[in-house]
Amino acid sequence: MGCNAERAAGVLRAGAATVAEHKTELTELDRAIGDADHGENLDRGFAAVLAALDAGVPETPGAVLKVAATTLISKVGGAAGPLYGTAFLRAATKLGDASELDAAAVAAGLRAALDGVVARGKAEVGDATMVDALEPAVEAAERAHADGENVAAVLTAAADAAKEGADSTVPLTARKGRASYLGERSVGHADPGATSTALLLRSFAEASR
Amino acid sequence: MSGELVGLVVVSHSGRLADGVAEVAAQMAPDVTVKPAGGLPDGGIGTDFEAVLAAVTEAAAEAGVVVLYDLGSAQMTADMAVESLPEPETAVVVDAPLVEGAIAAAVAAQGGGDRAAVADAARAAAGRSEVADTAEAAGAHGAEPESGAGARAEITLGNEVGLHARPAALLARSIADVDADVQVSLGDTDADAKSVFSLMSLTARKGDTVVVTAKGAQAEDAVARITALAERNFDE
């Protein structure tokens, strides 16, 4: 089954609920190695996304993601704003004005999101950033789509890989963002951005079933 | 859009930090528009895309805008603000030390430098010790001006603070538009007279005698301007 604008909005609402639920956990992760604002910032952004969607759901999934992008860019206030904002914006551009998304479109949208994040943040796998979660997620989504899986299964594969990727940041030395100032002292902590990416993808997968 | 001088925007996670950097930079460049964009709308720490976009738009001049930032997300927010301008190519986000870069950029903008020159001045503020080292190395090889008109003057500094920030800025500004390569030397150390930080790195004090050398079409004019400024004790 495909994913229309209403379902895309539902997926984002689920993401907002997850962020609200895990707000304290994300901020605590960020307190260990950063500036202790990731949960607060992301929650402020997604609460604004909810408000925007409550005011009216646009007609296509791409337009829904674009609303999320511009809202997150304006409201988040930390690195997650430009990074998630760019991710949703690139995905929205990739999806164009299609009224319904199939598994191929979802995989392509995720790939575009990753490319946007990498272009914006200049991070690569191993730097202990959200790229450590998002890149394996995109690859898993593309494999799942190639295996003929549907939208929900593609997103589930992405969420599983993202969780593994987020966990893989624990032993890493952060090389980007505020945590990079800690050098080796950042070892032993999961990256907050990778963790929020995994949480969001999990909520998207569950809401798309 | 107005103004023939390049405008500056200072993006910071903190409103007070952005305001302070803009204040210090503006002191060196009275005619340059320097807009701070720091902190979140509620006064918290972070970078606010809409505030940055507003500052870039307000500082926009026909000559363009140079945007400086403090850390991480400030750069990404600045990049996004510039990308969303009607004419993104009129603005440039530079990787430079915030305080030194803003001051160097402000002085370069005040001197009528174009967008590329102002951006270069900000970037060069990061490596000013390297610039001084290079100049010293060139001096050690005994390199002399080979062509073009040359001019030279010895100046004993009579002002209280020597070539400190304000006098150095005045000196650099006085010759910013002159077609000549100008050096100020103290002992074995040479400084680029158009660079505030290079001049400051001489740490020339009251009573020191510096040598001004210039080559190029307006070499004599450059030396005359600097001599006149020193004779006025840098307007102290």
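Residues numbered from 1 in each chain as written. Chains lettered and ligands numbered in written order. Predicted model: local features only at pLDDT ≥ 70, side-chain atom pairs only at ≥ 80, totals over all residues.

Novice: Before we go on, may I ask you to explain the overall build of chain A in this structure?
Specialist: Scanning chain A from terminus to terminus reveals nine helices and zero strands. Relative to the compact-globule value of 17 Å for 209 residues, chain A shows a C-alpha radius of gyration of 16 Å, a close match. Along the first, second and third principal axes, the C-alpha atoms of chain A reach 45 × 40 × 30 Å. Here chain A holds 209 residues, and the buried ones make up 62% of them. Nonlocal contacts in chain A, meaning residues at least 24 apart in sequence, comprise 68% of its contacts between residues at least 6 apart. (Helix = DSSP H or I, 4+ residues; strand = E, 2+ residues; numbered from the N terminus. Rg over C-alpha atoms; globule rule 2.2 N^0.38 Å. Buried ≥ 20, exposed ≤ 12 C-beta atoms within 10 Å, placed from the backbone. Contact = placed C-beta atoms within 7 Å.)

Novice: Can you help me understand the sheet that holds strand E5 (residues 150-156) of chain B in this one?
Specialist: Working definition: the strands of a sheet are paired by backbone hydrogen bonds and lie parallel or antiparallel to each other. Residue and element names in this part refer to chain B. Ordered by their spatial adjacency, four strands build an open sheet running E5-E8-E6-E7, and the pairing between neighbours is antiparallel. Edge strands, defined here as strands with exactly one partner in the open sheet, are E5 and strand E7 (189-192). Looking at each pair of strands side by side, their axes are set apart by 25° on average, direction ignored. Strand direction decides the pairing type here: strand E6 (residues 181-186) and strand E8 (residues 209-215), joined by five bridges, are antiparallel. When the bridges of E8 are listed, Gln183 appears paired with Thr213. (Pairing = 2+ DSSP bridges. Axes fitted to C-alpha atoms, helices over the stretch in contact; angles between N-to-C directions.)

Novice: Sorry if this is basic, but what is going on with the UniProt feature "domain: HPr" (unreviewed entry) in chain B here?
Specialist: UniProt feature "domain: HPr" (unreviewed entry): in the numbering of this structure it lies at residues 150-236 of chain B. Taken as a whole, residues 150-236 of chain B contains 32% helix and 28% strand, while its terminal C-alpha atoms sit 29 Å from one another. (UniProt positions renumbered as here; feature names shortened; annotations may be inferred.)

Novice: Mind showing me how you'd approach the sheet that holds strand E3 (residues 65-69) of chain B here?
Specialist: Residues and elements named next belong to chain B. The four strands lie next to each other as E2-E1-E3-E4, forming an open sheet whose pairing is parallel. Edge strands, defined here as strands with exactly one partner in the open sheet, are strand E2 (34-38) and strand E4 (91-93). Looking at each pair of strands side by side, their axes are set apart by 20° on average, direction ignored. Pairing between strand E1 (residues 7-12) and E2: five bridges, direction parallel. Bridge pairing in E2 places Val11 opposite Ala37. Packed onto the sheet, helix H1 (residues 15-27) meets E1 and E2 and runs at close to 165° relative to E2.

Novice: So what exactly am I meant to see when it comes to the pairing of E6 of chain B here?
Specialist: Regular strands have side chains that alternate between both faces of the sheet. Residue and element names in this part refer to chain B. Within E6, five of the six residues are buried, which leaves it mostly tucked inside the rest of the structure. Summarising the sheet, E6 and E7 pair through four bridges and their orientation is antiparallel. Looking at the pairing, Leu186 lines up with Thr189 of E7.

Novice: Even after reading the chapter, I still don't get the nonpolar core, so can you show me in this structure?
Specialist: General note: in soluble globular proteins, nonpolar side chains tend to be found buried as a group. Grouped together as the largest cluster of nonpolar side chains are 155 residues, with contacts concentrated most on Ala158 of chain A together with Leu8, Val56, Val67, Leu68, Ala105 and Ala106 of chain B. The residue makeup of this core includes at least three contributed by each of domain 1 (7-127) and domain 2 (144-235) of chain B. Contacts of Ala105 of chain B, omitting those with residues within four sequence positions, involve Leu8, Val66, Leu68, Val118, Ala121 and Ala122 of chain B. (Core = buried A, V, L, I, M, F, W, Y, C linked by C-beta atoms within 7 Å. Domains from an automatic or database assignment.)

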